[in-house]
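# Descriptive analysis of the structure
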Amino acid sequence: MEAARGEEPLSGEKAAATPRQARRIRIALASVMMGAMAVVLVVRLASRTSVLVVGVYGAALVLCGVVIELSRHGRTRLGSWLLGVGLAAALAADWLLLP
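Residues numbered from 1 in each chain as written. Predicted model: local features only at pLDDT ≥ 70, side-chain atom pairs only at ≥ 80, totals over all residues. Heavy atoms only, no water.

### Overview of the overall build of the protein chain
For clarity, the cut-off: Helix and strand assignments follow DSSP, with helices taken as H or I runs no shorter than four residues and strands as E runs no shorter than two, numbered in order from the N terminus. Burial here depends on accessible area, computed with a 1.4 Å probe over protein chains only, as a share of the maximum for the residue type. Under 20% is buried, over 50% is exposed, and the range in between is partly exposed. In what follows, a contact means two residues having at least one pair of non-hydrogen atoms within 4.5 Å.
For the protein chain, the count of helices and strands is three helices and zero strands. In the protein chain, the succession of α and β elements from N to C terminus is α-α-α. When the 99 residues of the protein chain are sorted by exposure, 22% land in the buried category. Summarising the internal contacts of the protein chain: among those between residues at least 6 apart in sequence, 59% fall at separations of at least 24.

### Things to note about the nonpolar core
A general feature of soluble globular proteins is that nonpolar side chains tend to end up buried together. Just so we agree on the cut-off: For our purposes a nonpolar core is just a set of buried Ala, Val, Leu, Ile, Met, Phe, Trp, Tyr and Cys residues, chained together by side-chain atoms within 4.5 Å.
Met-37, Val-53, Val-56, Tyr-57, Ala-60, Leu-83 and Leu-87 are the most contacted members of the largest nonpolar core, which totals 16 residues. Only helix H1 (19-47), helix H2 (51-72) and helix H3 (76-97) provide two or more residues apiece to this core. Broken down by element, the residue count for this core peaks at eight residues, all from H2. Residues contacting Leu-87, with those up to four places away along its chain left out, are Met-33, Met-37, Ala-60, Leu-63, Cys-64 and Leu-82.

### Remarks on the packing of H2 against H3
Applicable threshold: Axis definition: a line fitted to C-alpha atoms, over the contacting stretch in the case of helices. Angles run 0 to 180 degrees between N-to-C directions. Oblique is the label for every angle not falling under 35 degrees (roughly parallel), over 145 degrees (roughly antiparallel), or within 65 to 115 degrees (roughly perpendicular). Residues are sorted three ways: Asp, Glu, Lys and Arg are charged, Ala, Val, Leu, Ile, Met, Phe, Trp, Tyr, Cys and Pro are nonpolar, and all the rest, Gly among them, are polar.
The contact between H2 and H3 brings their axes to 9 Å, and the two run at 175°. Judged by the inter-axis angle, H2 sits roughly antiparallel to H3. Counting all contacts with H2, which are made through Leu-52, Val-56, Tyr-57, Ala-60, Leu-63, Cys-64, Val-66, Val-67, Leu-70 and Ser-71, the residues of H3 involved are Thr-76, Leu-78, Gly-79, Leu-82, Leu-83, Gly-86, Leu-87, Ala-90, Leu-91, Ala-93, Asp-94 and Leu-97. Classifying every residue of the contact of H2 with H3 by side-chain character gives 17 nonpolar, four polar and one charged.

### What to know about the pattern of salt bridges
For the record, the criterion: Counted as salt bridges are all cases of a side-chain nitrogen of Lys or Arg within 4 Å of a carboxyl oxygen of Asp or Glu.
All told, the structure shown has two salt bridges when counted by the stated rule. With a closest N to O distance of 2.6 Å, Asp-94 and Arg-44 form a salt bridge. Placement of the pair is Asp-94 in helix H3 and Arg-44 in helix H1, with a sequence separation of 50 residues. Judged by its relative accessible area of 8%, Asp-94 is buried. Here Arg-44 falls in the partly exposed class, since its relative accessible area comes to 27%.

### A short note on the UniProt feature "transmembrane region" (unreviewed entry) in the protein chain
We apply this condition: UniProt positions are given in the numbering used here, feature names are shortened, and annotations may be inferred rather than shown by experiment.
On the UniProt side, "transmembrane region" (unreviewed entry) is annotated at positions that read residues 27-46, 52-71 and 78-98 here. With 100% helix and 0% strand, the stretch residues 27-46 has end C-alpha atoms that lie 29 Å from each other.

### A closer look at the environment of Val-62
Secondary-structure assignment places Val-62 in helix H2. Looking at Val-62, the relative accessible area reads 56%, which means it is exposed.

Following this line, the structure appears as structure tokens:
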């Protein structure tokens, strides 16, 4: 049984996020990840200065910005995949490429 508009859903039903809420959640998540990547970039540059470090984490920062823009334009699923795969690739590149 579905809940009518303005009513609380029954205990067994899950309330799905509206598209506007999904966009705001994705923007907030991408902003937090952008801040985290900036902190990791500063920590990595303090320990070793390398153009490769700047490249990997700079690309991750740009990726977070792209995800924010995609979410603002309603492309939250694409942004979700891009954020997950892109940040995993950046961390894998850090682990594999950086000495």
